[in-house]
Amino acid sequence: MRGSSVEWTEKYRPKKLREVVGNEKAIEELTKWAEDVLKAKSKKAAILHGPAGCGKTSAAYALAAEKGWEVIELNASDQRSAGVIKSIVGPASTSTTFSQTTRLIILDEADNLHGTEDRGGTKAITEIVKRSTQPIILTANDKYKMGQGLQRYCKVITFEQIKAGTVFRVLRRISDDAEIKIDDSALISLAKNAHGDLRSAINDLQAISVSESKLESIREEDIATGWRDVEGDIFGVLSVIFGAEGYDIQSALSALYSLDKTPEESIQWIYKNFSYEYDDESFLHGLHYLSRSDMFLGRVRRRENYKFWRYASSLMACGVLSAKEMQEGKREGWERRKQRYFRSPWQRVRLQEGEDRKSGPMQEELAKKIADYSKVPRSYALFFVVPFLPIFFEDERKAAEITASLRLDVPQIAFLLGDTDKEKAKQIYQDAFAVSPKRGKERVSEKERVVKAEVGEEERRKIEKVEPKEEEGKESENQKTLTNFF
Amino acid sequence: MFEAKIDAIVLRECIESITAVVDEGKLRIAEDGLKLRAVDPANVAMISFELKRDAFDDFHFEKGSDAEAANESPAATEVGIDFNKLQGILGIGGSDEVNLKLDEQAQKLFTRMGSLAYTVSLLDPASLRKEPKVPELEFPVQVIIKTDEFRRTIRAAEKIGDHIMLGVDGDEFYMEVEGDMDKLRLGLRKEQLIHLTPGTLHSLYSLDYVAAMSKGMSHADNITLNLGKDYPLQVDFEVADGKGKVSYLLAPRIESE
């Protein structure tokens, strides 16, 4: 039976919802969704999202088994292009089964629709979910990858990592059932090692049970072979490269290779951290090698010859390590410094919080209004006009005129006034109303000219650093050439 | 061991009726002929296919000494075949007689059409979808209609909508398609049909499937439609001059409110 090829993760898949361990709250939500799903106007699809191995798919199958629903599954191993989804899930989602039961459609790993194979898959799913009459369950690790549009039509249920204690209980039950002698301590170690991933824990257990001898009970020491291949931790690798583990060039290089990062990212991590490790002289020495390494990275980009990564890696790992030699003896041993995090540029942008981020949309709105009004590109308005508008708004009369021309609303005025003075913003808004009917249409065109002139003005100010205030007459003199410019 | 000779036109007709619903399936070869039952990937349509040994000009089947297969089913062997591919090749082969020979050891099917020899690699039956259970269905109404008439209506319907209603109203059988703009209705009195059980009921089906099925039945003269109220549709017809039987089953469509 040890040799049997049935995977335990399949064999011991829960058959009832209450056998799905952990995540009681999620199961409760799922049950409730399933009760309502056949009623009219309910959400026909549910998204079960959570980390790997926490029972999302198991819960979906257990639900189907409990309700007596027929299951159709499309997982990541199937091709899931828009065409396939439309032709398989489409009809399935609006037809009953031959035996008139409900049909449950399970789309596993629905957040992993990418590549050319799956092109258009997400859109197709959204369309189908909208029109479906049969329940659909989507499982995902990262719900944010699935798009807001789709989520709006789905009931979103969150699954969490399974606690090590729960993992242990399941492993104990399985090993008893499969008649495997194994120590509790070994199981605990397996459970911890799984990091909340029950599936990988069960797979590990099965792997060990096959490989270890049948006679003796499996002890904790025996499962050394059962360690998952863990991706290198960046800070561990850095400490090797900085010579904390002794001066060994080979191990520095293989440590770097164990990372699941491209040399392009690794070099940033090394650069970010190692300036704090060394004195000036050896820092310079290391920097020299890093720059050589960076040159190879540049060559990779230019020539699309990824062989150069090899040299880049060697230079960044070994070269930096060699800097340690220079200061050997100057310092006693290696002390762990505060770790400096390197974030990829796109992550940095996403994590940025505060004023800039908040005011982003407001600036966009303003830029759009200016672009429409002055017939300039929106990007131009955003970068060259919007930043200077607050300066014009210091003058109340001008503020009212601009408000009238651009038809700004109170929040926008308040934003331009520095987000503080709501009363003043309202005052300007009312002034603007008072201004516009009196002047009539002719004046509007003149105001347009004024604004355009202003636009040009501050551009010129930027370039020539001319004083900001200019005479009205002078503005209209400039006007022709400037409007021509736009 | 399986070896047979069959008329290319008959074989093509049979395979066309299969590919109308599925691309691949488990063909069951036994002493009395061939059988197949398969569902489409969406589990919406099903085909039951049967071809008696009389349909072949020559038919030899002997149960091999394969112990494993012998346990399961004493007098049959199952092979996974990609019918879509086979159909494509048969189209080239012309109208000669086709020789079929199965090599179970090598998991290959040798076909020879005149001077053209084609070796089909068999699919692993374990990798194919499980054979469906045939649900027990009772159809209150039965309609027998000329295939041409049915197919013509479906062809017209395809231009209009994406689902079709089949129903019986008293003594009349009707097919109705409603698109965004247009509506098409075929109504046939009892006299215009070969057979009709009177009743009042209708069901809605996905037109894509009905259209695909109508291609598979092109060689039959008449088809039998078994209907119910919001119930699966069963279409029966004969192939190979009555020596083969095909039956399609199609799950009904449910409209969202």
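Parameters at a glance
- Residues numbered from 1 in each chain as written.
- Chains lettered and ligands numbered in written order.
- Predicted model: local features only at pLDDT ≥ 70, side-chain atom pairs only at ≥ 80, totals over all residues.
- Heavy atoms only, no water.
- Buried < 20%, exposed > 50% of the residue type's maximum accessible area, 1.4 Å probe, protein only.
- Helix = DSSP H or I, 4+ residues; strand = E, 2+ residues; numbered from the N terminus.
- Pairing = 2+ DSSP bridges.
- Axes fitted to C-alpha atoms, helices over the stretch in contact; angles between N-to-C directions.
- Contact = heavy atoms within 4.5 Å.
- Buried area = accessible area lost by both parts, 1.4 Å probe.
- Salt bridge = Lys/Arg side-chain N within 4 Å of Asp/Glu carboxyl O.
- Core = buried A, V, L, I, M, F, W, Y, C linked by side-chain atoms within 4.5 Å.
- Domains from an automatic or database assignment.
- pLDDT = per-residue confidence, 0-100.
- Phe/Tyr/Trp six-rings, centres within 6.5 Å; stacked < 30°, edge-to-face > 60°.
- Arc of directions from axis to C-beta.

Chemist: Explanation requested: the pairing of strand S7 (residues 97–103) of chain B in the structure shown.
Modeler: It is a general feature of regular strands that their side chains alternate between the two faces of the sheet. Residue and element names in this part refer to chain B. Burial along S7 is one-sided: Val-98, Leu-100 and Leu-102 are buried, while Glu-97, Asn-99, Lys-101 and Asp-103, pointing the other way, are not. Summarising the sheet, strand S1 (residues 2–7) and S7 pair through six bridges and their orientation is antiparallel. Following the sheet pairing, Phe-2 is matched in S7 by Leu-102. With six bridges connecting them, S7 and strand S8 (residues 108–113) associate as antiparallel partners. The residue of S8 that forms the bridge with Leu-100 is Thr-111. Between the antiparallel neighbours S7 and S8 lie four residues, among them Gln-107 with a positive phi of about 55°.

Chemist: When you look at the sheet that holds strand S1 (residues 45–49) of chain A in this model, what are you seeing that I'm missing?
Modeler: Hydrogen bonding along the main chain pairs the strands of a sheet, whether they run parallel or antiparallel. Residues and elements named next belong to chain A. The strand order across the open sheet formed by five strands is S2-S3-S4-S1-S5, and the pairing between neighbours is parallel. If you trace the sheet from one side to the other, it starts and ends with strand S2 (70–74) and strand S5 (154–158), each paired once. For this sheet, the mean angle separating the axes of adjacent strands, direction not counted, is 20°. Looking at chain direction, S2 and strand S3 (residues 103–107) are connected through five bridges and run parallel. Within S3, the residue paired with Leu-74 across the bridge is Leu-107. Against the sheet, helix H2 (residues 24–36) makes contact with S1, strand S4 (136–140) and S5, and its axis sits at roughly 160° relative to S5, the strand it touches most.

Chemist: Before we go on, may I ask you to explain the interface of chain B and chain A in this structure?
Modeler: Interfaces are frequently sized by the accessible area removed from exposure as the parts join. Taken together, the contacts link 22 residues of chain B with 20 residues of chain A. Buried area between chain B and chain A, both sides added, is near 1,500 Å², and the carbon and sulfur share of it is 62%. The largest contributions to the chain B side of the interface with chain A come from Ala42(B), Asn43(B) and Ile254(B), which together make up 31% of the buried area. The interface formed by chain B and chain A holds zero salt bridges in total. Elements supplying a minimum of two residues to the side of chain B that touches chain A: strand S4 (45–52) and strand S18 (244–250) of chain B.

Chemist: Would you mind showing me how to read the nonpolar core here?
Modeler: Soluble globular proteins tend to bury their nonpolar side chains together. Ile47(B), Ile164(B), Phe173(B), Leu227(B) and Tyr248(B) are the most contacted members of the largest nonpolar core, which totals 106 residues. When we break this core down by domain, the ones giving at least three residues each are domain 1 (2–127) and domain 2 (141–250) of chain B. With sequence-adjacent residues up to four places away left out, Phe173(B) is seen in contact with Val143(B), Ile145(B), Gly167(B), Val168(B), Leu186(B), Gly187(B), Leu188(B), Leu193(B), Leu196(B), Leu225(B) and Leu227(B). If you look at the next biggest cluster of nonpolar residues, it comprises 43 residues, including Ala60(A), Leu104(A), Ala194(A) and Ile208(A).

Chemist: Is there a simple way to explain the pattern of salt bridges in this structure?
Modeler: Side-chain pairing between opposite charges can occur once the charged atoms of the two side chains come close. Within the structure shown, the criterion is met by 14 salt bridges over all chains. Where Arg172(A) meets Asp176(A), a salt bridge forms, and the shortest distance between an N and an O atom there is 3.6 Å. Of the two residues, Arg172(A) and Asp176(A) are both situated in helix H7 (residues 164–177); the distance of four residues between them amounts to about one turn of the helix. Residues joined by salt bridges that share partners form a network here, namely Glu172(B), Glu176(B), Lys183(B) and Arg185(B).

Chemist: I tried to follow the side chain of Thr153(B) on my own but got confused; where do I start?
Modeler: Residues and elements named next belong to chain B. Locating Thr-153 in the fold gives a position in helix H4 (residues 147–158). According to the relative accessible area criterion, Thr-153 is buried, its value standing at 9%. For Thr-153, the residues in contact, after removing those within four places along its chain, are Met-175, Leu-184 and Leu-186.

Chemist: Help me understand the confidence of the model for chain A, please; the structure alone is not making it clear to me.
Modeler: Residue and element names in this part refer to chain A. Taken residue by residue, chain A gives an average pLDDT of 75. The fraction at 70 or more is 73%. Taking the mean pLDDT of every element in chain A, the minimum, 44, falls on helix H15 (residues 345–351) and the maximum, 89, on helix H13 (residues 280–303). Scored below 50 in pLDDT, residues 346–357 shows five contacts in the model against residues more than four places distant or in partner chains. Of the regions scoring below 50 in pLDDT, residues 464–483 engages in 20 contacts with residues more than four places distant in sequence or in other chains.

Chemist: I keep staring at the environment of Ser379(A) and nothing clicks. Help me out?
Modeler: Residues and elements named next belong to chain A. With respect to the element layout, Ser-379 can be found in helix H17 (residues 378–385). The exposure class of Ser-379 is partly exposed, given its relative accessible area of 45%. It is 7.5 Å that separates the C-alpha atoms of Ser-379 and Ala-367, two residues lying twelve residues apart in sequence.

Chemist: It is not clear to me how the packing of aromatic side chains should be interpreted in this structure. Could you clarify?
Modeler: All names here are of chain A. With the rule as written, the count across this model stands at ten aromatic pairs over all chains. Measuring from centroid to centroid gives 5.0 Å for Tyr-380 and Phe-384, while their planes differ by 40°, and the two rings are tilted. Here Phe-384 and Tyr-380 lie together in helix H17, a separation of four residues that amounts to about one turn. The partly exposed category is assigned to Phe-384, whose relative accessible area is 29%. An aromatic cluster of at least three residues, connected via ring pairs, comprises Phe-296, Phe-308 and Tyr-311.

Chemist: So what exactly am I meant to see when it comes to the confidence of the model for chain B here?
Modeler: For chain B, the mean per-residue pLDDT works out to 85, and 95% of the residues sit at or above 70. Both confidence scores are given for the complex: pTM 0.60, ipTM 0.73.

Chemist: Looking at this structure, how should I read the environment of Gly196(A)?
Modeler: Residues and elements named next belong to chain A. Locating Gly-196 in the fold gives a position in the loop between helix H8 (184–193) and helix H9 (198–211). Along the chain, Gly-196 and Gly-165 lie 31 residues apart, while their C-alpha atoms are 9.6 Å from each other. If we skip the residues at most four places from it in the chain, Gly-196 touches Ala-52, Gly-53, Gln-161 and Ile-162.

Chemist: Looking at this structure, I do not really get H17(A). What am I missing?
Modeler: Since one α-helical turn is 3.6 residues long, residues separated by three or four positions face the same way. Turning to H17(A), its buried residues are Tyr380(A), Ala381(A) and Val385(A). Mapping the buried residues of H17(A) onto a view down its axis gives an arc of 100°, with all of them on the same face.

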